[in-house]
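Given next are the chains, with one letter for each unit.
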Amino acid sequence: MEEKRITKENLIKLGSNWVNDGMNVYVNNGKKYTLMKLHEEDLKGFEEAPPLMSYKEIVFPKTEPILYYKKSQKEVEIIEPKIGGVKNIVIGAKPCDAKSISIMSKVFNWDYKDSFFNVRAEESVIIGMACKYNDEHCFCTSVGISPVSTDGSDLFLIPLANDNFGVRIISDKGKELISKYESYFTNGDSEESENVLSSIPIPEKKFNAENVKSWLDKNFESEFWNTTAEMCLGCSQCAFVCPVCHCFDIVDEDYSFTEGRRMKNWDACQNGLFTKHASGHNPRDKQPKRYRQRVSHKFKYYKDKFDEYLCTGCGRCSRGCPAGIDIGEIVERIDKLTN
Ligand code: SF4
Ligand code: SF4
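Residue positions are counted from 1 within each chain, in the order its sequence is given. By the order in which they are written, chains take letters starting at A while ligands take numbers starting at 1. The predicted origin of the model limits local features to residues at a pLDDT of at least 70 and limits the giving and counting of side-chain atom pairs to 80 or more, whereas totals for whole chains, interfaces and linings rest on all residues. Here the side-chain values reflect all heavy atoms present in the structure, with hydrogen atoms and water set aside.

Novice: Which residues make up the pairing of strand β9 (residues 164-169), and what values do they have?
Specialist: To sort residues, take the accessible area from a 1.4 Å probe on protein chains only and compare it with the maximum for the residue type: under 20% means buried, over 50% means exposed, and anything in between is partly exposed. A run of H or I in DSSP counts as a helix once it spans at least four residues, and a run of E counts as a strand once it spans at least two, with each numbered from the N terminus. In terms of residue burial, β9 counts as a mostly covered element, since 6 of its 6 residues are buried. Residues of β9 alternate between two faces, with N164, G166 and R168 on one and F165, V167 and I169 on the opposite face, all of them buried. As defined by bridge partners, strand β1 (residues 3-7) adjoins β9 across 5 bridges and the pair is classed as antiparallel. The residue of β9 that forms the bridge with R5 is G166. Counting the residues in the hairpin turn of strand β8 (residues 155-160) and β9 gives 3 residues, including N162, whose phi is positive at 55°. Strands are treated as partners if at least two bridges between them are detected by DSSP.

Right, dumping it as structure tokens:
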């Protein structure tokens, strides 16, 4: 694999160049993926927790118009919104975030190819970074990722001594991004990078995801859900911070009697109204049914349909849950039920 080396100073300069070129550059500053201003942002995150929010908004905004309409007495005119047109670059993506676009791509290209997602995904370049952070909420290794995995990255950074980074070129997109800027790089030393990577502890798996799936296959109705989900407040924080939760609602907003727009807004299966039918019937009328859906979607339904878990083990949903619910711990308990 081709490898280069860059100083942190040059990496920040490179980011500034991309900003100058009109791209949206997001930098992991240790707290969030922040939109870079010229020469201003620092790059951290190697030893920090995943930022509070993932960067899924780049490909799946919180809210966006999917069409505008104008009505006259005889006709309705549909106006398509403009999508994309700006390259998005993420510098310092955690491996548990870097994989998110490829995971969501499966559902956004299943029975319908969602150009809102696809155009932005095509225009995004992900510069991943090895991760040395691990706390009680992390479980990336249980879902097939690791702190050193390059899945989903176009370039991959390895923090070296003295504010240097090894840069591995993973995809053609990554190669193309830096092709104009060779002077910022020197030759890489893959042995030095390999030494850093092999010094990063790989956390033990917390659960066997296949066992979890086989339990979910047989336990749609189980007392487990009542006892597990009784504390859940239905606030949906867990879905909004999740790098791969992707449910949305469609709402028409009339500006007047003659024109308006159709909006796509983030929604979540923990919301009480999420599955409420126009008839008033709600098939998931109680919180345990909604929590069962959350766990089953991630560890059974998505795996059945796309051969992929809908979870990267980043632990965000658990770190921020106001009720202290920890999905990793719940799934670990399910695994133990199978032994
Ligand atoms: S963040 Fe916690 S309380 Fe809120 S919906 Fe998710 S599991 Fe329930
Ligand atoms: S379910 Fe929780 S741990 Fe899994 S990817 Fe989403 S936020 Fe991260």
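Novice: If you had to explain the nonpolar core to someone new, which residues and values would you point to?
Specialist: Of all hydrophobic cores here, the largest spans 33 residues; its most connected members are W18, L43, I91 and L157. If you list the elements that add at least two residues to this core, you get α1 (8-20), β2 (24-28), β6 (88-93), β7 (124-129), β8, β9, α5 (172-178) and α6 (190-199). The element that contributes the greatest number of residues to this core is β8, accounting for 5 residues. In this analysis, two residues are considered to be in contact whenever any of their non-hydrogen atoms come within 4.5 Å of each other. Among residues more than four places away in sequence, those in contact with L43 are K8, L11, I12, V27, N28, I91, G92, M129, L157 and F165. As used in this record, nonpolar core signifies buried Ala, Val, Leu, Ile, Met, Phe, Trp, Tyr and Cys residues forming a set joined through side-chain atoms within 4.5 Å. Within the second largest apolar cluster, 26 residues are counted, among which are Y55, V59, A93 and L310.

Novice: Please give an account of the sheet that holds strand β12 (residues 259-266) that cites residues and values.
Specialist: Strand pairs in the sheet, formed through backbone hydrogen bonds, run parallel or antiparallel to each other. As summarised here, the arrangement of the 4 strands in space is β5-β4-β12-β11, forming an open sheet in which the pairing is antiparallel. Each having just a single partner strand, β5 (76-79) and β11 (248-254) make up the two edges of the open sheet. Each adjacent strand pair in this sheet contributes to an overall mean axis angle of 25°, direction not counted. Inspection of the sheet shows strand β4 (residues 63-71) paired to β5 by 4 bridges, in the antiparallel sense. Within the sheet, the bridge partner assigned to K71 lies in β5 and is V76. Only C-alpha atoms enter the line fits that serve as axes; for helices the fit covers just the stretch in contact. Angles between N-to-C directions range over 0 to 180 degrees.

Novice: An account of α1 is needed here, citing residue identities and associated values.
Specialist: Think of an α-helix as turning once every 3.6 residues; residues three or four places apart then point the same way. Counted at 1.5 Å a residue, the expected span for α1 with its 13 residues is 18 Å, and the 18 Å between its end C-alpha atoms agrees. Among all positions in α1, only K8, N10, L11, I12, L14, G15, S16 and W18 are buried. A positive phi of about 90° marks G22, the residue just after α1. Here the expected span of a helix is defined as 1.5 Å times the quantity of residues minus one.

Novice: So, the site of ligand 1: which residues are in play, and what are the values?
Specialist: Here a residue is considered near a molecule or strand provided that any single heavy atom belonging to it is located within 4 Å of it. Inspection of the region around ligand 1 gives 13 residues, with C232, C235, S236, C238 and C321 positioned closest. Within the shell around ligand 1, the residues separate by chemical class into 9 nonpolar, 4 polar and no charged. Gly is put with the polar residues, along with every residue not named as nonpolar or charged; the nonpolar set is Ala, Val, Leu, Ile, Met, Phe, Trp, Tyr, Cys and Pro, and the charged set is Asp, Glu, Lys and Arg.

Novice: An account of the layout of surface pockets is requested, with residue identities and associated values reported.
Specialist: Both cavities and pockets are sets of points on a 1 Å grid over the protein atoms alone; in a cavity a 1.4 Å probe fits but cannot get out, in a pocket the set is open with protein on both sides within 12 Å along at least five of seven lines, and lining residues sit with an atom within 4 Å of a point. Grid points are joined across faces, edges and corners, and a volume is the space filled by probe spheres set on the points. There is about 400 Å³ of room inside the largest pocket. V107, F108, D114, H246 and F248 are the residues nearest the centre of the largest pocket, which is lined by 19 residues in total. The set of elements that each furnish at least two residues to the lining of the largest pocket consists of β4, β11 and α10 (287-306). Across the lining of the largest pocket, the residue classes tally to 12 nonpolar, 3 polar and 4 charged. Start and end positions for the domains come from either an automated domain assignment or a database one. Each of two domains, domain 1 (3-199) and domain 2 (209-337), supplies a minimum of three residues to the lining of the largest pocket. Considered as a void within the structure, the second largest pocket measures approximately 230 Å³ in volume. Every residue lining the second largest pocket is counted, 16 residues in all, and those nearest its centre are S142, V143, G144, A209 and Y309. Residues belonging to the lining of the second largest pocket are distributed by class as follows: 6 nonpolar, 4 polar and 6 charged. Summarising the domain contributions, the lining of the second largest pocket has at least three residues from each of domain 1 (3-199) and domain 2 (209-337).

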